[in-house]
Amino acid sequence: MKEFLKYLSDTRDDFDRTLSFSLSDKNELLTGLEESVNYSLFSKGKRIRPVFCFLVGELFNVPREKLKSVACALEMIHTSSLILDDLPCMDDSKMRRGQPANHLVHGQDVALLSSIGLLTEAYKIVADDVELADEEKLEAIRLLANTVGFGGMVAGQYVDLKFSDKNARSEVMEFIHNHKTASLFVSAASIAAHIGKASDPEKEAVESYARNLGFAFQVLDDILDFKGSQEEVRKSVGLDKGNVVYLSGIERAMELVEEHTRKAFESIEIFNNRNEKLLLLGKILLNRKT
Ligand code: GRG
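Remember, predicted model here, so these are calculated numbers, not experimental data.

Counting its regular elements, the chain contains 14 helices and two strands. Radius of gyration (C-alpha) of the chain: 18 Å, near the 19 Å computed for a compact globule of 290 residues. Once the C-alpha set of the chain is aligned to its principal axes, its extents read approximately 55 × 50 × 35 Å. A sequence separation of at least 24 residues applies to 71% of the contacts in the chain between residues at least 6 apart. Of the roughly 13,900 Å² of accessible surface on the chain, a fraction of 54% belongs to carbon and sulfur atoms. Of the charged side chains in the chain, 37 are positive and 46 negative; the average position of the first set lies 3 Å away from that of the second.

And the structure:
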């Protein structure tokens, strides 16, 4: 485990060296916009989605070099969604990644533009990647767009805003978690598997792992929001109306984490001893405190 923790932190550092953002137009009129994007993108995120993408790639012998643009795109999309999610018209959160939410520092107008800009940059970075064949880029962009848009995060956020309340059915909660959170894990896995020329059963296996792990990850996020302090969790905490603990209670929430983790681990049994890193990653994510 100690060795794997070191491997994870090296992978995260490697990713952080790859991730960069600067506007191609150096016009000083845009300095504030660039600062706002960098404020959120380079705040202390755990970088789980890019690291997960690299690990799935490793399973299919994809060199990291080939997944770097996709990894950056995943982090940009995720950061873009956090900026939007924190706005007063959404979750109205004050704290994110251990610092004030973007809109409290840069204003709601600039936060919104930063989020849209980052989202667009994510696709551009993949489209410009010379390491990827045209077919690989197209499939990656198609999968990412599907994850972000009306079939994914936008749909999940909409249902969360409009339909999550104390009486929401468990199917509503499942829809929200699968679309808002698990979907980005699934596209990380699908893209890495596609580039690694995985067979259909292998693709299904890593996608099922990602879906279940992503779901458990979100439920755990809800549990941490319920149990943790703002200092521990490094973001605004509390029970908002879409929180699983609020809907189903802490015991059911913990059962859900267990059920989905078990399903995630079962999904990758087909890889035999090649699945070890994904099993360890799952264990670490589900024992996290932030
Ligand atoms: C613009 C992409 C986009 C989407 C629009 C706003 C929105 C629709 C969706 C919100 C999705 C959202 C914020 C889901 C929460 C996912 C989640 C568990 C966030 C916390 O992830 P961590 O713990 O965070 O990986 P860090 O800060 O470590 O990166």
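There's more to say after this.
Next up on the list: the layout of surface pockets. For the second largest pocket, the calculated volume is near 320 Å³. Lining the second largest pocket are 15 residues, and of these Leu220, Ile223, Lys227, Met254 and Leu286 lie nearest its centre. Across the lining of the second largest pocket, the residue classes tally to seven nonpolar, three polar and five charged.

Let us now look at the nonpolar core. Counting 81 residues, the largest nonpolar core has Phe52, Phe60 and Tyr209 as its most contacted members. Ranked by residues supplied to this core, first place goes to helix 9 (residues 170-195) with twelve residues. With residues near it in sequence (within four places) discarded, Phe52 still touches Phe185, Ala188, Ala189, Tyr209, Ala210, Leu278 and Leu281.

Turning our attention to empty space enclosed by the protein. Applying the stated criterion to the full structure yields one cavity of 30 Å³ or more. Approximately 80 Å³ is the volume attributed to the largest cavity. Taken together, 13 residues make up the lining of the largest cavity; nearest its centre are Ser40, Ile83, Asp86, Arg96 and Asn102. Those elements giving two or more residues to the lining of the largest cavity turn out to be helix 2 (31-41), helix 4 (68-86) and strand 2 (99-100). In terms of residue count, the dominant contributor to the lining of the largest cavity is helix 4 (four residues).

So, on to the site of the ligand. As a matter of local geometry, the ligand sits amid 21 residues, with Lys46, Arg49, His78, Arg97 and Gln157 nearest to it. A distance of 2.6 Å separates an oxygen atom of the ligand from a polar side-chain atom of Lys46. At a separation of 2.7 Å, an oxygen atom of the ligand approaches a polar side-chain atom of Arg49. Protein coverage of the free-state accessible area of the ligand, which is 760 Å², stands at 94%. Residue assignment for the shell around the ligand shows that the elements contributing at least two residues are helix 4, helix 8 (153-163), helix 9 and helix 10 (200-227). In terms of residue count, helix 4 provides more of the shell around the ligand than any other element does, seven residues in total. Within the shell around the ligand, the residues separate by chemical class into seven nonpolar, seven polar and seven charged.

Our next topic: the environment of Thr120. As for its placement among the helices and strands, Thr120 is situated in helix 6 (residues 108-127). Given the relative accessible area of 48%, Thr120 is considered partly exposed. Residues Thr120 and Ala73, 47 residues apart in the sequence, show an inter-C-alpha distance of 9.3 Å.

You can see Asp85 is positioned in helix 4. We classify Asp85 as buried; its relative accessible area is 12%. Apart from the residues within four sequence positions on either side, Asp85 is in contact with Met90, Asp91, Asp92, Arg96, Gln157 and Lys180.

As a further point, take helix 9. In a regular helix each residue adds 1.5 Å, so 26 residues correspond to 38 Å; helix 9 covers 35 Å between its end C-alpha atoms and thus fits that length. Where helix 9 bends most, at Ala182, the angle is about 55°. Among the 26 residues of helix 9, 19 are classified as buried, and the element is accordingly described as predominantly covered. Lys197 occupies a position one or two residues after helix 9 and carries a positive phi of about 50°.

Positive phi values are uncommon outside glycine, yet Asp92 reaches one of about 50°. With respect to the helices and strands, the residue Asp92 is situated in the loop between helix 4 and strand 1 (95-96). Unusually for a residue other than glycine, Lys197 sits at a positive phi of about 50°. Among the structural elements, Lys197 can be located in the loop between helix 9 and helix 10. On the basis of relative accessibility, which here comes to 67%, the residue Lys197 falls in the exposed class.

What counts, and where the lines are drawn
- Residues numbered from 1 in each chain as written.
- Predicted model: local features only at pLDDT ≥ 70, side-chain atom pairs only at ≥ 80, totals over all residues.
- Heavy atoms only, no water.
- Helix = DSSP H or I, 4+ residues; strand = E, 2+ residues; numbered from the N terminus.
- Rg over C-alpha atoms; globule rule 2.2 N^0.38 Å.
- Contact = heavy atoms within 4.5 Å.
- Areas by Shrake-Rupley, 256 points an atom, 1.4 Å probe, with all protein chains shown as cover.
- Lys, Arg positive; Asp, Glu negative; His and termini not counted.
- Charge placed at Lys NZ, Arg CZ, Asp CG, Glu CD.
- 1 Å grid on protein atoms, 1.4 Å probe; cavity = no way out; pocket = protein on both sides within 12 Å on 5 of 7 lines; lining within 4 Å.
- Points joined across faces, edges and corners; volume = space filled by probe spheres on them.
- Nonpolar A, V, L, I, M, F, W, Y, C, P; charged D, E, K, R; others polar.
- Core = buried A, V, L, I, M, F, W, Y, C linked by side-chain atoms within 4.5 Å.
- Buried < 20%, exposed > 50% of the residue type's maximum accessible area, 1.4 Å probe, protein only.
- Near = heavy atom within 4 Å.
- Polar contact = N/O pair within 3.5 Å; in protein donor to acceptor, adjacent residues only side chain to side chain.
- Expected span 1.5 Å × (residues − 1).
- Bend = angle between axes of the 7 residues up to and from the residue.

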